[in-house]
Amino acid sequence: MNNVFGLDIGTRNVVGTVGYQTDDKEFVVTAQYVKEHETRAMLDGQIHDIGRVAKTIKEVKDELEKQTGQPLEEVCIAAAGRVLKTVTTHVEYEYAQESVVTGEDVHTLDLLGIEKAQEALKEVNDTSYKFYCVGYSTVKFFLNDEVFISLEGHKANKIGEDIIVTFLPEDVVDGLYAAVGQAGLSVANMTLEPIAAINVAIPENYRMLNIALVDVGAGTSDISITRDGSIIAYGMIPHAGDELTEVIVQHFLVDFNMAESIKLQSTTSDTVTYKDIMSIEHTIPAKDVWDVAAPVVDNIAQEVSAKIRELNGDKTVSACFVVGGGGKIHGFTEKLAEGLDLPEERVALRGEEVLGDVTFEQEDIKKDPLLVTPIGICLNYYDQRNNFIMVRFNGERIKLYDNNRLTIVDAALQAGFPNDELFPKRGTPINFTVNGVARLVRGEAGEGAVVTMNGKPASINTPLEPNSEIIIEPSTAGEAAEYKISQLDEYNHSVITFIINGRRISCPRFVQVNGELEPEDYSIRENDVIETRNYYTVRQIAQFMDLVIDTDQMIFVNNEEADLDTLVYENFSVEWKTDEYGVARIDNNNYNDTQESDNTVTRTSEQMMNQVLDELHDDFAKEAEASAVPENELPENELPKNDIQEEIQEEDSSENTITVIVNGEPVELSGKDTYIFVDIFTHISFDLQAGKGRAIATVINGRDAQFSEELHEGDQIELYWKEN
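The protein carries the name Cell division protein FtsA in an unreviewed UniProt entry, which gives Agathobacter rectalis as its organism.

Have a look at this one:
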């Protein structure tokens, strides 16, 4: 059997317990010893005189070694509840789009909650203490603002949680370690007094209930609250048994130790015998002591009940258990029940009944509420085996409370490593509006933090190893968002239609940024206000159609006289005369008031440009037809041109191939019998969108040519945009 040595280092006493746990979970106490501090070396649960406390610890250790006949080198200890700081906070995380919640997401949510709690603690911390996060517990989860038991696996746009985070100051831990070290012991396990007490007093199967546990010691009253299967809150008030003792000192004129004796006798006997400072012996009824202590008992009970309500969300609990020596004073449980609005039977001392699985080999030991916490400290060794471990984080040596669940991210938080440098960061987003509607373009995702432990790749969830060397290179931000006007749906798929000389013309909408027209390759900037204009000017329509308007002739918009700067809105009609045709973008359908709108073909600018050549063929075929001599005016020996072509095709259906020179480069034309000027557009690369209001120059063999003019072998052709 391996004995466990546990020490409850209290304000008034040091209680040492040695024992072991059997295979059937029974704990056997082989030795126990209680020693009072000779002086008030501890106040309110905190060590003030390390040397004197170490001396008392060593005396307890020596006595237990005598009882067991074994050397004691390691000890389990607990930090008092008065030094705990608990912060309850709410934290949320919103996804860019609906996503399935993963375990990693929930862990990230916890980390955000811990970080927020740390910031909240810093704001209210009026001491020089550095606090350790020694535990946290989720009170409730939220999925899209509704309470859920578990988040993992659900789809959500937003997740959140209420989390309670517990902190312990560094100085308190160092004081305990120093006192134990001076007594010749090393710490095998460290827990918190409220945890040690609750593990004995409230079994796990009771924790579904909303129960409070009050450990009334000498200097403090520690409080724990359970609900829904977990411990949801810890608290403390600095009022306990010593205040009762001080009242007895003053009233009965005795020293502190005699007052302690009077207080103890009043809980076990009907009469109390004592000597005052004049060495006069007195015997009084225990009731006299109760009456003297009653105002203090009432005050402590009211303070405790108020703290319980505060920790429990401003409401009472279902029941309350009391442990610790201070709770045995007459009338305390009754006053506490009154403060909690509970029946007296629902507030009770826990002692012998909760120590049913504990066996004492020493026959003179009585199962008592005073022993709950010392036994719990020993049992915690088997359940958690917590301690502080040392690691080196990015070159800095740090100490962490080991709760058996430590990971690298815990070390990062303890070292103050920024949470946002652990996870990938997106590049700077762009916020802008399009026609009054807010838009957001997110930046590219960056790389996560690079984590190594002892020189090997790791992740933030890798379990910590004592004395390990951890290096984290911060995460990086991705590329900043970039978005051009040409990528906007409103630019690519939104057109505005006008009726020009009886034909429908579909034009892409102009885009205006912060009141100024911008080209399609404009890079959108933060807070840009973008609007698609719902009008053109007459001049802009002509430029889009690559037409030169005859300004000597009248221009009409909706049958009213207009000029080049007149605004033309959706479905407005425009009538004008042109000097020269360039490349026009038109629908093949003539405008007809009775025509169904579905018959009007609306194209994007890209689609319209793909059809320019076909439209040119149509236009200039009409031009050639208009200039032809009517058939009935031909000489008798001439047939119409079409008939001649048909006869030629019947006699020789073979295709003709010719080569012409276009802008100095030979171009072979094939697939037809004859070719006209416009055919070269299907054989060369010529940007028909680059006109910007200019007309196309067409030259054959040094002279101006028509689009419908026939081409011959070796023709020298020039094709370019005329400058205005």
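J.: Help me understand a nonpolar patch on the surface, please; the structure alone is not making it clear to me.
T.: Together, L253, I277, M278 and I280 make up a nonpolar patch on the protein surface, roughly 430 Å² of accessible area in all. Positionally, I280 belongs in the loop between β15 (271-275) and β16 (281-285). By relative accessible area, which is 44% here, I280 ends up partly exposed.

J.: Can you help me understand the environment of E98 in this one?
T.: Here E98 shows up in strand β7 (residues 85-100). Sequence-distant contacts of E98, defined by excluding residues within four places in its chain, comprise K155, A156 and N157.

J.: Even after reading the chapter, I still don't get the nonpolar core, so can you show me in this structure?
T.: Within the largest apolar cluster, 58 residues are counted, with the highest numbers of intra-cluster contacts made by L7, I9, I57, I77 and M190. Apart from the residues within four sequence positions on either side, L7 is in contact with V14, V15, G16, I57, V60, V75, C76, I77, A78, L185 and I377. L422, A449, I460 and L464 belong to the second largest nonpolar core, which has 30 residues in total.

J.: I keep staring at a negative patch on the surface and nothing clicks. Help me out?
T.: A grouping of E334, E338, E344 and E345 is seen on the molecular surface, where their side chains present a negatively charged patch. Tracing the backbone shows E344 in the loop between α8 (332-340) and β18 (347-349). Residue E344 is classed as exposed on the basis of its relative accessible area, which comes to 52%.

J.: I'm lost on the pairing of strand β28 (residues 503-508) in this one. Help?
T.: Regular strands have side chains that alternate between both faces of the sheet. Most of β28 is tucked away, with five of its six residues classed as buried. The antiparallel hairpin formed by strand β27 (residues 495-500) and β28 contains two residues in its connecting segment, where N501 sits at a positive phi of about 50 degrees.

J.: Would you mind going over the sheet that holds strand β35 (residues 560-562) with me for this structure?
T.: One open sheet accounts for five strands, arranged β28-β27-β37-β34-β35; its pairing is mixed. Of all the strands in the sheet, just β28 and β35 have a single pairing partner and so form its edges. The average undirected angle you get between the axes of adjacent strands in this sheet is 35 degrees. The sheet contact formed by β27 and strand β37 (residues 573-575) spans two bridges and is parallel. Residue I500 lies in a different strand from β37, and its bridge partner there is V574.

J.: Can you walk me through the state of the cysteines in this structure?
T.: Disulfides are covalent bonds that connect the sulfur atoms of two cysteines. Scanning the entire structure with this criterion turns up zero disulfides. Take C76: it sits in no disulfide, and the sulfur closest to it among the cysteines is that of C378, at 6.3 Å. Assessed through its relative accessible area of 2%, C76 is described here as buried.

Criteria and cut-off values
Residues numbered from 1 in each chain as written. Predicted model: local features only at pLDDT ≥ 70, side-chain atom pairs only at ≥ 80, totals over all residues. Heavy atoms only, no water. Patch = residues over 30% accessible without salt bridge, like charges linked within 9 Å, V, L, I, M, F, W, Y side chains within 5 Å. Areas by Shrake-Rupley, 256 points an atom, 1.4 Å probe, with all protein chains shown as cover. Salt bridge = Lys/Arg side-chain N within 4 Å of Asp/Glu carboxyl O. Helix = DSSP H or I, 4+ residues; strand = E, 2+ residues; numbered from the N terminus. Buried < 20%, exposed > 50% of the residue type's maximum accessible area, 1.4 Å probe, protein only. Contact = heavy atoms within 4.5 Å. Core = buried A, V, L, I, M, F, W, Y, C linked by side-chain atoms within 4.5 Å. Lys, Arg positive; Asp, Glu negative; His and termini not counted. Charge placed at Lys NZ, Arg CZ, Asp CG, Glu CD. Pairing = 2+ DSSP bridges. Axes fitted to C-alpha atoms, helices over the stretch in contact; angles between N-to-C directions. Disulfide = S-S within 2.5 Å.

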